[in-house]
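Structural overview
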Amino acid sequence: MKIELMEIEIPYNGVIERIEFPDNVALLEAKSFPILNSETVVRKIEEGWEKAKNLFHAKKVSIIVNDGTRRVPTAAILKVLSRSIPIEQIEILVATGTHRAPTERELDTIFGDLRDTLENRVFVHDCHATENTVTLGKTSRGTLVAVNKKLIEAESVICINSVEPHFFAGFTGGRKSLVPGLASFGTVVANHSHAKSEHAESMNLEGNPVHLDLAEAAEMAVRMPVFSIQLVLSRDGDIVDLYCGDLRGSFEEACRKAKDVYSVEIEKKYDIVFAVGEPPLDANLYQLQK
């Protein structure tokens, strides 16, 4: 019996490969959402900042950004913020978590045209440099919270992050800028030990001990005004929506949107599943697990 085949395009190693599958294969793809134009992005950030800026008046602003493993249009967001905040008032904290330091090429991508301007204002977190951390105590789940001194010394903070499903924290973004982003290795290990819980699953925050522990640890670290910019991105890295305001509120709003953007409803379970890890989740094997 002749099997009818169909071609499905799959990104692999920087190119599109065409793979043949039986024509009865179900192709499940995420829904398509409209992309925000640059004017709308600027307006949303400026409107959010206008409501919060009095809390930041005459204060040094520590802007927390992601490292090179996250596909976040950080440079574009920083350019908008630089119109309202003098460069001499800014320092940048790169929240690497337990990741390595960004390469020079990655730093070029993160900061774009502002790389040279911010050159001496960028500090890269190192989770193993315990001499640069401050211990804040334990969470109710027993996690000893130690974070970078730069965070504790900050007069005010702006978090720039993206929100997407995370396989045991529920969602990335929000509180993760602080913990694990700027936390010690021991703090991250202690928090991630809760990943064994059946409630530590993708797109679930309710009763998720990893998320709840992260949120509690982040609250312990927040001793200053915080302005949060949480992005929801398309599969191509374009901005579908963004939410500004306090860290918890903007994160929860972004989670609701991310659940729509990143989830696909299925009618039944399948015997075999081919999951395509598209960029940037193909950056390394750890990211690919998502």
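On a predicted model such as this, the values are computed, not experimentally measured, just so you know. (Residues numbered from 1 in each chain as written. Predicted model: local features only at pLDDT ≥ 70, side-chain atom pairs only at ≥ 80, totals over all residues. Heavy atoms only, no water.)

Taken in spatial order, the 6 strands line up as β5-β4-β3-β8-β11-β12 in an open sheet, and their pairing is mixed. In the strand order of this sheet, the two ends are held by β5 (122-124) and β12 (239-245), each with one partner. Taking the axes of each pair of neighbouring strands and ignoring which way they run, one obtains an average angle of 20 degrees across the sheet. The sheet contact formed by strand β4 (residues 90-95) and β5 spans 3 bridges and is parallel. Of the residues in β5, the one forming a bridge with Val94 is Val124. Along the sheet face, helix α2 (residues 74-81) touches β3 (61-66), β4, β8 (156-162), β11 (226-233) and β12 and points at about 145 degrees away from the line of β8. Strands in contact with helix α3 (residues 104-111) are β3, β4 and β5; relative to β3, the strand with the most contacts, it is inclined by about 120 degrees. (Pairing = 2+ DSSP bridges. Helix = DSSP H or I, 4+ residues; strand = E, 2+ residues; numbered from the N terminus. Axes fitted to C-alpha atoms, helices over the stretch in contact; angles between N-to-C directions. Contact = heavy atoms within 4.5 Å.)

Once that is clear, we can look at empty space enclosed by the protein. For the structure on display, the rule yields 1 cavity of 30 Å³ or more. Considering only enclosed or pocket space, the largest cavity measures out at about 40 Å³ in volume. Along the walls of the largest cavity sit Ile45, Glu46, Trp49, Val80, Leu81, Ser84 and Ile85, which together make up its complete lining. Mapped by element, the contributors of at least two residues to the lining of the largest cavity are α1 (38-52) and α2. Considering every element that reaches the lining of the largest cavity, the biggest residue donor is α1, with 3 residues. Across the lining of the largest cavity, the residue classes tally to 5 nonpolar, 1 polar and 1 charged. (1 Å grid on protein atoms, 1.4 Å probe; cavity = no way out; pocket = protein on both sides within 12 Å on 5 of 7 lines; lining within 4 Å. Points joined across faces, edges and corners; volume = space filled by probe spheres on them. Nonpolar A, V, L, I, M, F, W, Y, C, P; charged D, E, K, R; others polar.)

Right, let's get into the pattern of salt bridges. According to the stated counting rule, one finds 13 salt bridges in the structure shown. When the shortest N-O distance is used, the salt bridge between Lys53 and Glu50 registers 3.2 Å. Connected through salt bridges with shared partners, the residues Glu104, Asp108, Arg115 and Glu119 form a single ionic network. (Salt bridge = Lys/Arg side-chain N within 4 Å of Asp/Glu carboxyl O.)

Judged by nonpolar contacts, the single largest core of 31 residues is most densely connected at Ile63, Ile77, Leu81, Phe111, Ile158 and Ile160. For this core, the secondary structure elements donating two or more residues are α1, β3, α2, β4, α3, β8, β11 and β12. With 5 residues, the single largest contributor to this core is α1. When residues no more than four places from it in sequence are discounted, the contact partners of Phe111 are Val65, Ala75, Leu78, Ile92, Val94, Leu118 and Val122. If you look at the next biggest cluster of nonpolar residues, it comprises 26 residues, including Ile64, Val145, Leu182 and Ala217. (Core = buried A, V, L, I, M, F, W, Y, C linked by side-chain atoms within 4.5 Å. Buried < 20%, exposed > 50% of the residue type's maximum accessible area, 1.4 Å probe, protein only.)

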